[in-house]
Amino acid sequence: MSAAENHAPVTLITGGTRGIGAATARRLAAAGHTLVLGYRGNTTAAQALAAELAEAGTEVLVVGADLSTDAGIDTLFTAALERFGHLDNVVNNAGATLHIGPLAETPSDIVREVININLTSAVLVARRAVREFLAAETPGVLVNVSSTAARNGSPNTYVHYAAAKAGVDALTQGLAAEVAPHGIRVVGVAPGTTMTDIHADAGEADRPKKAAARIPLGRAAEPDEIAAAIAWLVTPDASYTAGTTIRLSGGA
Ligand code: NAP
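The shown structure was predicted, so the numbers you read here are calculated from the model rather than taken from an experiment. (Residues numbered from 1 in each chain as written. Predicted model: local features only at pLDDT ≥ 70, side-chain atom pairs only at ≥ 80, totals over all residues. Heavy atoms only, no water.)

Visitor: How would you summarise the packing of helix H5 (residues 108–136) against helix H7 (residues 159–179) if you had to cite specific residues and measurements?
Guide: It is at 9 Å that the axes of H5 and H7 come closest, and there the two elements cross at 10 degrees. For the element pair H5 / H7, the angle class is roughly parallel. As for how H5 packs across H7, the hand of that crossing is right-handed. Touching Ile110, Val111, Val114, Ile115, Asn118, Leu119, Ala122, Val123, Ala126 and Val130 of H5 are His160, Tyr161, Ala164, Lys165, Gly167, Val168, Leu171, Leu175 and Val179, all from H7. (Axes fitted to C-alpha atoms, helices over the stretch in contact; angles between N-to-C directions. Helix = DSSP H or I, 4+ residues; strand = E, 2+ residues; numbered from the N terminus. Parallel < 35°, antiparallel > 145°, perpendicular 65-115°, else oblique. Left-handed = near helix turned anticlockwise from the far one by under 90°. Contact = heavy atoms within 4.5 Å.)

This is how it looks when you write it as structure tokens:
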């Protein structure tokens, strides 16, 4: 049965093939969603997750596209719409930290790349998502994935990433007010340190272990603990939640 016939919600997750995005995909698959999962280059991880979800009966499309380009964003949304016709939810999750250290010691090309994927691309993905919701007159939900870095500034770690995520929080608040009159909800989650490969990819695999000491709950989050909040935000139970970012920080 196709997504249109069984009325399964169609949810697009950027960066949906690893980490928090993959945990969200598993939760939403279990809740009966049809999924479009974007990724950049790790085809092995994307195909493995797609096979796992399809085996369990989920209709899933994976699309490799670099969202730091306009063409990549268009490729992802066009593929999703060609396959499923419409989108009910978009989880704006793709991100990367790439490097850890004080700003003065961070190469300028890394600063640009981090701000591009975590802020510029997030704004452009949000723009495309609400354009599609508005065109289809769908009461869609957009969930932006921020970070607790937006508030604490991440000194000596990645202040440029923190600045980008603070921009995402402003995006959530402002865009929510723009589109709420159309029945569209824009919401956010701000995870604290979470057990994913983002840290190893930035050169510090043991970062979650090091961070545990300053987290009141005494540990980093599991990806599924972040996915649980995202999954709730796209349900009708969250129907009065808009323009806000839920902080998932273990008390930090
Ligand atoms: P992750 O495990 O490293 O996964 C990142 C995902 O994003 C992958 O699917 C990756 O694709 C995709 N991606 C990265 N750059 C992309 C690009 N230019 N174009 C398209 N896709 C791209 O990351 P995560 O830890 O789950 O993080 C998910 C979100 O949570 C990010 O926005 C991050 O900033 C935020 N966050 C994470 C933490 C944490 O401690 N983990 C804390 C706070 C906030 P490939 O697999 O192809 O590379």
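Visitor: Tell me what's going on with the site of the ligand, and back it up with residues and numbers.
Guide: As a matter of local geometry, the ligand sits amid 30 residues, with Arg18, Gly41, Asn93, Tyr161 and Thr196 nearest to it. Between the ligand and threonine 17, the relevant distance is 3.0 Å, taken from an oxygen atom to a side-chain nitrogen or oxygen of the residue. One of the backbone N or O atoms of asparagine 93 is found 2.7 Å from an oxygen atom in the ligand. When isolated, the ligand has an accessible area of 910 Å², and the protein chains bury 96% of it. If you list the elements that add at least two residues to the shell around the ligand, you get helix H2 (19–30), H5, H7 and helix H8 (198–201). Residue composition of the shell around the ligand, by class: 10 nonpolar, 15 polar and 5 charged. (Near = heavy atom within 4 Å. Polar contact = N/O pair within 3.5 Å; in protein donor to acceptor, adjacent residues only side chain to side chain. Areas by Shrake-Rupley, 256 points an atom, 1.4 Å probe, with all protein chains shown as cover. Nonpolar A, V, L, I, M, F, W, Y, C, P; charged D, E, K, R; others polar.)

Visitor: Help me get a handle on the nonpolar core, residues and values and all.
Guide: By size, the foremost hydrophobic cluster in this structure holds 27 residues, and its most contacted members are Leu12, Val36, Phe77, Leu87, Val90, Leu142 and Leu175. The set of elements that each furnish at least two residues to this core consists of strand E1 (10–13), strand E3 (60–64), helix H4 (70–84), H5 and H7. The element contributing the most residues to this core is H5, with 6 residues. Ignoring sequence-local partners within four residues, the contact set of valine 36 consists of Thr11, Leu12, Ile13, Leu61, Val63, Leu76, Ala80 and Phe84. (Core = buried A, V, L, I, M, F, W, Y, C linked by side-chain atoms within 4.5 Å. Buried < 20%, exposed > 50% of the residue type's maximum accessible area, 1.4 Å probe, protein only.)

Visitor: Any chance you could break down the pairing of E3 for me, citing the residues and the numbers?
Guide: Examined bridge by bridge, strand E2 (residues 34–39) and E3 share 5 bridges and lie parallel to one another. Along E3, the bridge assignment pairs glycine 38 with valine 63. You can see the chain leave E2, run along helix H3 (residues 43–55) and come back into E3, and the turn it takes is right-handed. (Pairing = 2+ DSSP bridges. Right-handed = clockwise from strand over helix to strand, strands pointing away.)

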